[in-house]
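# Observations on chain architecture
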Amino acid sequence: MTTPPPLTDRAALLRNRARARAAGPALFLHQDSAAEIEERLNEVNRKFTAPAVVTGFPEPWTEILPQARIVPDDEVLALEPGAHDLVIHALALHWANDPVGQLVQCRRALTPDGLMIAVLFGGQTLAELRSVLAEAESRVTGGLSPRVLPMGEIRELGGLLQRAGFALPVADLAARPVSYRDLGHLMTDLRAMGEGNALASRRRTPSRRALFAEAARLYAEHFGDEVGRVTATFELVYLTGWVPHESQQKPLRPGSATHSLAAALAAEPKPEK
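A brief structural summary. Please read these numbers as outputs of a predicted model, since none were measured by experiment.

This paragraph deals with the sheet that holds strand 2 (residues 69-71). If you walk across this open sheet you meet the six strands as 2-1-3-4-6-5, and the pairing is mixed. What marks the edges here is a single partner per strand, and that holds for strand 2 and strand 5 (167-180). When strand polarity is set aside, the average angle formed by the axes of neighbouring strands in this sheet is 15°.

Moving on, we get to the packing of helix 5 (residues 127-141) against helix 8 (residues 209-223). Packing of helix 5 against helix 8 leaves a shortest axis separation of 8 Å and a crossing angle of 130°. On the basis of the axis angle, helix 5 is oblique to helix 8. Relative to helix 8, helix 5 is oriented so that their crossing is right-handed. For the pair helix 5 and helix 8, contact is made by E128, L129, S131, V132, L133, E135, A136, E137, R139 and V140 and by A210, L211, F212, E214, A215, R217, L218, Y219, H222 and F223, respectively.

Another point: the pattern of salt bridges. Following the criterion strictly, the structure yields 14 salt bridges and no others. Close ionic contact of R10 with D74 constitutes a salt bridge, the shortest N to O distance being 3.9 Å. One end of the pair, R10, is in helix 1 (residues 10-23); the other, D74, is in the loop between strand 2 and strand 3 (84-90), and 64 residues separate them in sequence. The exposure class assigned to R10 is buried, which follows from its relative accessible area of 16%. Owing to a relative accessible area of 35%, D74 belongs among the partly exposed residues under this scheme. Here D113 ties to R46 by a salt bridge, and the two come within 3.5 Å at their closest N and O atoms. Here D113 is found in strand 4 (residues 110-121), whereas its partner R46 is found in the loop between helix 2 (28-43) and strand 1 (51-55), with 67 residues between them in sequence. Looking at D113, the relative accessible area reads 18%, which means it is buried.

The rules behind the values
Residues numbered from 1 in each chain as written. Predicted model: local features only at pLDDT ≥ 70, side-chain atom pairs only at ≥ 80, totals over all residues. Heavy atoms only, no water. Pairing = 2+ DSSP bridges. Helix = DSSP H or I, 4+ residues; strand = E, 2+ residues; numbered from the N terminus. Axes fitted to C-alpha atoms, helices over the stretch in contact; angles between N-to-C directions. Parallel < 35°, antiparallel > 145°, perpendicular 65-115°, else oblique. Left-handed = near helix turned anticlockwise from the far one by under 90°. Contact = heavy atoms within 4.5 Å. Salt bridge = Lys/Arg side-chain N within 4 Å of Asp/Glu carboxyl O. Buried < 20%, exposed > 50% of the residue type's maximum accessible area, 1.4 Å probe, protein only.

Encoded structure:
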């Protein structure tokens, strides 16, 4: 069996994050995600005493979990087996070359009945940018090159939880539209997020200015509002799973029901005519 080529150039990703930190990172999506996960944890009737967070930007996450162990999203996670009752994979899984492997490592780091929550960008993230870059590059150069990270749809991402061995898997999403003055400000913000192009197959030579000028024109034409600003959509997908434990609810075995559906329907009172 041949190993597929890596999706992400890890060295480039780490450089992008270092530049973002040096210039002052834009972490509002991390802050939004941290607030959402904090709310979800408050709804769980459980006190977590040994949390860990896998992330490239720890600051927003230490605010909600100051006692958490912070772990970088390396391909081999620095997590001890069975050492944690909560693991959060925070806005980094979309860059993983082996996302199932990342989730398996999170599961192994959890105690029985431990909780894992991952938040990552979903398939509709930057749909507007993908569209205008593809159209502009096709017009200017007659071809296409990898510029925006491909991201999974929610059904595919939810399936990763089962493949990693989690029980009670749940996947849901929230779309976050963000308004920008123009395409240039959007791309500046992406660099400040550490989300610049780190694809292993990316083009290594500078692009022509005409490409981005055409992309900016198309962006304003197709996705501009009445005051001349443009919208970029970020889709945040939340994956939740538990390490299997005998105390958890389990589906009934087929054929184990004690009453039939027909009997239940026959017992219902009929409406009066």
